[in-house]
Amino acid sequence: MLERATIAAGPKELPPLPDAVDGKVVLRLAPYPSGPLHIGNARAFVLNDAYAKKYHGRLLLVFDDTIGSEEKPLLPEAFDQVREGLEWAGVEYQEVLYKSDRIPLHYEWAEKLLSTGEAYVCECDADTLRKNREAMKACVHRIQSVDETIAMWKAMLAGEYAEGEAVVRLKTDMADPNPAFRDRVLFRIAERDHPRVGDRYRVWPMLEFSWAVDDALLGVSHVLRGKDLVMEDQMETRIWDILGIRRRPEFVHFGILRFKDLELSKSRYRKEIAAGHLTGIDDPRTWSLQSLQRRGIRPAALREFVLSFGLSLNDIEVPAETLYAENRKLIDKDANRYFFVADPIAVEITGLPPIEHVKAPLHPDFPGRGHREIPAGPKLHVAQEDFEKFRGKEVRLKDFCNIVLDHRARFVSMGNKDIPKIQWVTHGVNVHLALPDGSESRGLGEPLVASLKVNDVVQFERVGFARIDHVSKAEVRAFFAHR
RNA sequence: GCUCCCGUAGUCUAGUGGCCAAGGAUAGAAGCCUCUCGAGCUUCUGACACGGGUUCAAAUCCCGUCGGGAGCACCA
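Structure report, in brief. (Residues numbered from 1 in each chain as written. Chains lettered and ligands numbered in written order. Predicted model: local features only at pLDDT ≥ 70, side-chain atom pairs only at ≥ 80, totals over all residues. Heavy atoms only, no water.)

### Digging into the pattern of salt bridges
A side chain of one charge can pair with a side chain of the opposite charge if their charged atoms are brought near each other.
Turning to step 1, where the next piece is worked out: Summed over the entire model, instances satisfying the criterion amount to 39 salt bridges.
Turning to step 2, where the next piece is worked out: Note that Arg130 is salt-bridged to Glu134, the shortest N-O span being 4.0 Å. On the criterion of helical spacing, the pair formed by Arg130 and Glu134 is a turn pair, its members being four residues apart in helix α5 (residues 126-135).
Turning to step 3, where the next piece is worked out: By relative accessible area, which is 43% here, Arg130 ends up partly exposed.
Turning to step 4, where the next piece is worked out: Since its relative accessible area comes to 61%, Glu134 is described here as exposed.
Turning to step 5, where the next piece is worked out: Between Glu394 and Lys417 there is a salt bridge, with the nearest N and O atoms lying 2.6 Å from each other. One end of the pair, Glu394, is in strand β18 (residues 394-397); the other, Lys417, is in the loop between β20 (408-413) and β21 (421-422), and 23 residues separate them in sequence.
Turning to step 6, where the next piece is worked out: One salt-bridge network, held together by shared partners, links Asp49, Lys53, Glu92 and Arg303. (Salt bridge = Lys/Arg side-chain N within 4 Å of Asp/Glu carboxyl O. Helix = DSSP H or I, 4+ residues; strand = E, 2+ residues; numbered from the N terminus. Buried < 20%, exposed > 50% of the residue type's maximum accessible area, 1.4 Å probe, protein only.)

Okay, here's the thing in structure tokens:
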């Protein structure tokens, strides 16, 4: 009885991966470099990293930088932004590869495939292609000879087709009950420049084909991907069947992860940053890993948060509060306490006995950490919200004294009392607190706040946890993490 | 519409036929503690979508219904 409870409360174990052999697991991470990684990508990279470590295997970072689309362009700086995010998140990979370096391999495989007659070059436009798919109708190109197809392929490579004029399609079955699986496109022509390889290629593989090649060539043992990519399994499998590839990875999926009240999109944030609606890639509204770092979210919190979902195929929607709860567990003990009053209101206390300063603990749970000395006196500031709420009532200025609150406040007594306690500041330093919604809270912090260092995570009492982002003579800037 | 996936408390999850009168986390409530609306401690609220089977026995297997999601791009 007792034993069972202990096990249930113990640390969460990852479910085993099918046919995983310790030391032989090879996993891959396939970010698309259109911007920095954000919290919505976390499930993929945390799980891959966690399993690579669990099985003492290898994790490959393979940039999925095939040419993309007009709507989702590649971004040159995204490669470093992705790596920066992964580094922060504690993801350890042994090798970095680029799809764009592997195009010749993809061509080689394409030619093998075309020569089997199981794929063909199609000249139908996108619209025709879609309509035929709906109607389960094969087009004339499907039945052309292998020789014709090879000739057309060469013509594609030679630049004799313009963008949109020819694609390579896999012969699955135009009557497949799944409309999504009817002769899918494997290669298409894109005349855009690539940030790494420029205009070296104009025929680019689609994700499914490139992975059919690379998962096989790189010896990937397990593919962990979201279940929005299940059809890709079928595509890869079909291609391996045709080419007689025997050694194949296991496919493992996890459900779609969404955040309540959040819509994450790398491409959209890119546009909004460019338009000046967001301050940069670490704007808290992007939920990029960079922004989480800036707010003082610990990578371990993100990891725990993601691992708590396991490998379930459920589609889930979680509130950010769950991540905050995880983070709070980690930072609470480290975060020293300080006073910050937002939108300060000046208050002068009458009848206050002479007093120079008071002492307050840096952290109430760890008295050994020492005290902060706060200059005290009759002239001070309190937060507007507190002022309005408690005006005319007796409150305790925490660690200081009791007063009846007003612009001209009346001193009552010094000793602690069981009445509402509010924070207060004399000789305050300017503090700007950047909030997750992009707004900013301005106010005053107690003098010691000016001696904090960048990256310190503190708790502004009754406000919340924050990371110090910038300290100068004029002001301290901090990013709000959570309550 | 078609194909596939999923359905345990507000949320996330454990559970793979008997040990489940369903465990944990988070959120919520109450109390204690605390010179913070944080943390800690104690207690409480709260779920197997529904209907049929199979079985001695079902949250767990099967069928149906309902609900949610994904895919149906020359994006990833």
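### What about the nonpolar core?
Turning to step 1, where the next piece is worked out: Within the largest apolar cluster, 46 residues are counted, with the highest numbers of intra-cluster contacts made by Phe45, Leu47, Tyr51, Leu86, Leu224, Leu302 and Phe305.
Turning to step 2, where the next piece is worked out: With seven residues, the top contributor of residues to this core is helix α2 (residues 42-54).
Turning to step 3, where the next piece is worked out: Every residue in contact with Leu302, bar those within four places of it in the chain, is listed here: Ile39, Ala42, Phe45, Trp88, Leu289 and Leu323.
Turning to step 4, where the next piece is worked out: Core analysis: the next-biggest nonpolar cluster, separate from the first, contains 35 residues, Val168, Ile189, Val197 and Ile245 among them. (Core = buried A, V, L, I, M, F, W, Y, C linked by side-chain atoms within 4.5 Å. Contact = heavy atoms within 4.5 Å.)

### So, the protein's contact with RNA strand B
Turning to step 1, where the next piece is worked out: Near RNA strand B lie 63 residues; those nearest to it are Lys72, Arg188, Asp365, Lys398 and Arg462.
Turning to step 2, where the next piece is worked out: When atoms of RNA strand B within 4 Å of the protein are sorted by moiety, sugar and phosphate together comprise 71%.
Turning to step 3, where the next piece is worked out: Side-chain polar atom of Thr66 to a phosphate oxygen of RNA strand B: 2.6 Å apart, as the coordinates give it.
Turning to step 4, where the next piece is worked out: Take Ser312: an N or O atom from its side chain is 3.3 Å from a phosphate oxygen of RNA strand B.
Turning to step 5, where the next piece is worked out: Of all the elements in the fold, those that place two or more residues in the surface near RNA strand B are α1 (2-9), α5, β6 (185-189), α8 (230-243), β11 (316-318) and α12 (320-331).
Turning to step 6, where the next piece is worked out: Class assignment for the residues of the surface near RNA strand B results in 23 nonpolar, 11 polar and 29 charged. (Near = heavy atom within 4 Å. Polar contact = N/O pair within 3.5 Å; in protein donor to acceptor, adjacent residues only side chain to side chain. Nonpolar A, V, L, I, M, F, W, Y, C, P; charged D, E, K, R; others polar.)

### Brief notes about the side chain of Arg169
Turning to step 1, where the next piece is worked out: Among the secondary structure elements, Arg169 is positioned in strand β5 (residues 167-170).
Turning to step 2, where the next piece is worked out: With no salt bridge to any partner, buried Arg169 finds its closest opposite charge in Asp183, at an N-O distance of 4.7 Å.
Turning to step 3, where the next piece is worked out: One polar contact links the side chain of Arg169 to the main-chain carbonyl oxygen of Asp183, over a distance of 2.8 Å. (Lys, Arg positive; Asp, Glu negative; His and termini not counted.)

### Quick word on the side chain of Arg467
Turning to step 1, where the next piece is worked out: In this structure, Arg467 sits in strand β25 (residues 464-471).
Turning to step 2, where the next piece is worked out: Separated by 3.0 Å, the side chains of Arg467 and Asn455 make a polar contact.
Turning to step 3, where the next piece is worked out: A polar side-chain atom of Arg467 sits 2.9 Å from a polar atom in the side chain of Asp469.

### Some remarks on the sheet that holds strand β26 (residues 475-482)
Turning to step 1, where the next piece is worked out: Pairing within the open sheet is mixed, and its seven strands lie in the order β12-β24-β25-β26-β22-β23-β13. Only two strands of the sheet have a single neighbouring strand rather than two, namely β12 (336-338) and β13 (340-342). Taking each pair of neighbouring strands and ignoring which way they run, the sheet shows an average axis angle of 40 degrees.
Turning to step 2, where the next piece is worked out: Sheet topology note: the β12/strand β24 (residues 457-460) ladder contains three bridges and is parallel. Counted as the bridge partner of Asn336 is Val458 from β24. (Pairing = 2+ DSSP bridges. Axes fitted to C-alpha atoms, helices over the stretch in contact; angles between N-to-C directions.)

### Things to note about the packing of aromatic side chains
Turning to step 1, where the next piece is worked out: Overall, the coordinates contain 16 aromatic pairs when judged by the stated rule.
Turning to step 2, where the next piece is worked out: When the centroid spacing of 6.4 Å and the interplanar angle of 10 degrees are considered together, the rings of Tyr51 and Tyr55 count as stacked.
Turning to step 3, where the next piece is worked out: The class of Tyr51 is buried, set by a relative accessible area of 0%.
Turning to step 4, where the next piece is worked out: Residue classification places Tyr55 among the buried positions, given a relative accessible area of 9%.
Turning to step 5, where the next piece is worked out: When the centroid spacing of 5.3 Å and the interplanar angle of 70 degrees are considered together, the rings of Trp153 and Phe187 count as edge-to-face. Within this pair, whereas Trp153 is found in helix α6 (residues 146-158), its partner Phe187 is found in strand β6, the two being separated by 34 residues in sequence.
Turning to step 6, where the next piece is worked out: Taking relative accessible area as the criterion, Trp153 reaches 0% and is therefore assigned buried.
Turning to step 7, where the next piece is worked out: Three or more aromatic residues joined by ring pairs make a cluster, and in this case those are Tyr107, Trp153, Phe187, Tyr201, Trp204 and Phe209.
Turning to step 8, where the next piece is worked out: Of note, Lys54 hangs over the ring of Tyr55, and the distance from its end group to the ring centre comes to 5.7 Å.
Turning to step 9, where the next piece is worked out: Taking the ring centre of Phe339 as reference, the NZ or CZ of Arg372 above it sits at 4.8 Å. (Phe/Tyr/Trp six-rings, centres within 6.5 Å; stacked < 30°, edge-to-face > 60°. Lys NZ or Arg CZ within 6 Å of the ring centre and 35° of its normal.)

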